[in-house]
Amino acid sequence: MVRLPSVDAVGCMKFYTIAVPFMLSSVSSFLFMQASCKNNMGYALDHKPATPLIRLRNITKTYGKGVAAFQALRGIDLTIHQGEFVAIMGHSGSGKSTLMNLLGCLDTPTTGTYHYQGISVGDLDGDQRALLRRYALGFVFQGFNLLARTNSLENVELPLIYRGLSQKKRDSEAVRSLFSVGLASKLRSTPSELSGGQQQRVAIARAIVTEPGTLFADEPTGNLDSATTREIMALLTRLNAEMGITILMVTHEDDVAAYAKRIVRITDGLIASDMSVKKEPPAPAVIQAKPPAPDSVKTAEDVPPSGGAPSTHSHSDFGVTLLKS
Ligand SMILES: Nc1ncnc2c1ncn2[C@@H]1O[C@H](COP(=O)(O)OP(=O)(O)O)[C@@H](O)[C@H]1O
Ligand SMILES: [Mg+2]
């Protein structure tokens, strides 16, 4: 059942015109993903859907005006399909974050067109773009961006508050999401009680709790040591391969980009190269076998600690089926 957020009549209309098509197309995309990925763990899409997930044409972005004007993006053409895992690379100042902000509807281009699942983002108003962000996109940042005196469960629940869900439903969704990133034992921990890698896991749980079609990650391992970087990248790889979440990740590290299926390099605001990465998938992250029942959400001690066998269960509440690993 589609739950309406508590908004006025205009808001309801916007919800139906923007969010519902995203949800429906997400469902059909997931069905497509399942059909095409079962034999190869999602590592190569044999047949791409007709409508690209993301289509940029001749995108430019100019900051400032007059003599102070600076063109950070100078004509970007980029097409990304459902299920891709794309690393965006380039030197500092090349325009990576500017591009990510445009793709994530956090900013608007100066010229050019952006279509998300066939919808012209430039034709949406601010409220409609906010709905697009809320219902279709997730974000992970280098600095984690967690609320400091707020525990993992509450941090992950934040995006669900906008959806008007009951406290019980928010709890169960947040637990499920924290479980899927291997943090079921840290529900009541505040960020200061967690390692950097654990904080980034909470941030990833918060980003995926809304079941986004696309996850944007800007330097997600920039603050992490190499062992923790491998853990986080294994987790992102699993979210892409098993849950069908499309990932766009900015990084300047070759080791990190190697986890992606495609590497786009940007130089001075232009795409310098765009390559597929052919490889065997890295070993899947170790995760728990079964999420705790929502009713068991009382204290951290009530929930089994992280670790255990790779997932083989059906995870239908996320709208997808976790494939066997
Ligand atoms: N808000 C802004 N105002 C003016 N210039 C900006 C702004 N944001 C970014 N820039 C400039 O645009 C260029 C690209 O920045 P950015 O996209 O952040 O690069 P990257 O993420 O690749 O390091 C840089 O020269 C930067 O100084
Ligand atoms: Mg940047």
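Everything quoted here is computed from the prediction, not taken from an experiment. Here the residue numbering is sequential within each chain, running from 1 through the sequence in written order. The order in which chains are written sets their letters, starting at A; the order in which ligands are written sets their numbers, starting at 1. Only residues with pLDDT of at least 70 are given local features in this predicted model, and only at 80 or more are side-chain atom pairs given and counted; all residues enter the totals for whole chains, interfaces and linings.

Visitor: Honestly, the sheet that holds strand β5 (residues 119-120) in this entry has me stumped. Any pointers?
Guide: Working definition: the strands of a sheet are paired by backbone hydrogen bonds and lie parallel or antiparallel to each other. Pairing is antiparallel in the open sheet, where 4 strands are placed in the order β2-β1-β4-β5. Of all the strands in the sheet, the pair left with one neighbour each is β2 (70-80) and β5. Pairing between two strands requires that DSSP report at least two bridges joining them. Comment: elements are numbered from the N terminus, with helices defined as DSSP H or I runs of at least four residues and strands as E runs of at least two. Relative to β5, strand β4 (residues 111-116) runs antiparallel, the two being bridged by 2 bridges. By the bridge assignment, H115 is partnered in β5 with S120.

Visitor: Even after reading the chapter, I still don't get the environment of S195, so can you show me in this structure?
Guide: Following the sequence through the fold, S195 ends up in the loop between α5 (167-180) and α6 (196-208). Residues S195 and T228 lie 33 residues apart in sequence; the distance between their C-alpha atoms is 9.5 Å.

Visitor: For this particular structure, what's the right way to read helix α7 (residues 226-243)?
Guide: Each α-helix turn comprises 3.6 residues. Residues three or four places apart therefore point the same way. What a helix should span is 1.5 Å times the count of its residues minus one. Relative to the 26 Å expected for 18 residues at 1.5 Å per residue, α7 spans 25 Å between its end C-alpha atoms, a close match to the ideal helical length. Note on burial: count the other C-beta atoms lying within 10 Å of the residue's C-beta; 20 or more is buried, 12 or fewer is exposed, in between is partly exposed, and C-beta positions come from the backbone. Buried within α7 are the following residues: T229, I232, M233, L235, L236, T237, R238, L239, N240, A241, E242 and M243. Phi turns positive, to about 70 degrees, at G244, one or two residues after α7.

Visitor: When you look at the packing of helix α4 (residues 152-161) against α6 in this model, what are you seeing that I'm missing?
Guide: Two measures define how a pair of helices packs: the angle their axes make with one another and the distance between the axes. It is at 7 Å that the axes of α4 and α6 come closest, and there the two elements cross at 30 degrees. Here α4 lies roughly parallel to α6, going by the angle between them. Handedness of the α4/α6 crossing: right-handed. Contact residues: α4 offers S152, N155, V156, L158 and P159, while α6 offers V202, A205 and R206. Here the residues of the contact of α4 with α6 sort into 5 nonpolar, 2 polar and 1 charged. Orientation is described by lines fitted to C-alpha atoms, with helices fitted over the stretch in contact, and by angles between N-to-C directions that extend from 0 to 180 degrees. Note that the term roughly parallel is reserved for angles under 35 degrees, roughly antiparallel for angles over 145, roughly perpendicular for angles of 65 to 115, and oblique for everything else. A clockwise turn of the near helix away from the far one marks a right-handed crossing, whereas an anticlockwise turn of less than a right angle marks a left-handed crossing. Whether two residues are in contact depends on their C-beta atoms, placed from the backbone: they are in contact if these lie within 7 Å. Just so you know the grouping, Ala, Val, Leu, Ile, Met, Phe, Trp, Tyr, Cys and Pro go in nonpolar, Asp, Glu, Lys and Arg go in charged, and all remaining residues, Gly too, go in polar.

Visitor: Just checking my understanding: could you explain the pairing of strand β10 (residues 270-276) for this structure?
Guide: In regular strands, side chains alternate between the two faces of the sheet. The sheet contact formed by strand β9 (residues 262-267) and β10 spans 6 bridges and is antiparallel. Paired with V264 across the strands is D274, a residue of β10. If you look at the hairpin formed by β9 and β10, you'll find 2 residues sitting between the two strands, and D268 has a positive phi there, around 50 degrees.

Visitor: Looking at this structure, how should I read the site of ligand 1?
Guide: Ligand 1 sits among Y63, G64, F70, A72, G90, S92, G93, S94, G95, K96, S97 and T98. At the level of secondary structure, the elements contributing two or more residues to the shell around ligand 1 comprise β2 and α2 (96-103). In terms of residues, the shell around ligand 1 owes the most to one element, α2, which gives 3 residues. Whether a residue is near a molecule or strand depends on its C-beta atom, placed from the backbone, lying within 6 Å of it.

Visitor: Can you walk me through α6 in this structure?
Guide: Between its first and last C-alpha atoms α6 spans 18 Å; for 13 residues at 1.5 Å apiece the expected length is 18 Å, and the two agree. Most of α6 sits inside the fold, with 11 of its 13 residues counted as buried. Of the positions making up α6, those classed as buried are Q198, Q199, Q200, R201, V202, A203, I204, A205, R206, A207 and I208. Structurally, α6 contributes buried residues whose contacts are with β6 (137-141), α4, α5, β7 (214-218) and α7.

Visitor: Hey, could you run me through the sheet that holds β6 in this one?
Guide: Taken in spatial order, the 6 strands make up an open sheet running β6-β7-β8-β3-β9-β10, and their pairing is mixed. The open sheet terminates on both sides in strands that have one partner only, identified here as β6 and β10. Averaged over all pairs of adjacent strands, the angle between their axes in this sheet comes to 15 degrees, without regard to strand direction. For strand β3 (residues 85-89) and strand β8 (residues 246-250), the ladder comprises 4 bridges, and the chain directions are parallel. Each residue of the ladder has a partner; that of A87, found in β8, is M249. In the packing of α2 onto the sheet, the strands contacted are β3, β7, β8 and β9, and the crossing angle to β8 comes to about 150 degrees. Each of β6 and β7 touches α6; the most contacted strand, β6, lies at about 165 degrees to it.

Visitor: Please explain the environment of E157 as it appears in this structure.
Guide: Looking at the secondary structure, you find E157 in helix α4. In this structure the C-alpha to C-alpha distance between E157 and K169, which are 12 residues apart in sequence, comes to 9.6 Å. Not counting residues up to four positions away in its chain, the partners in contact with E157 are R170 and A174.

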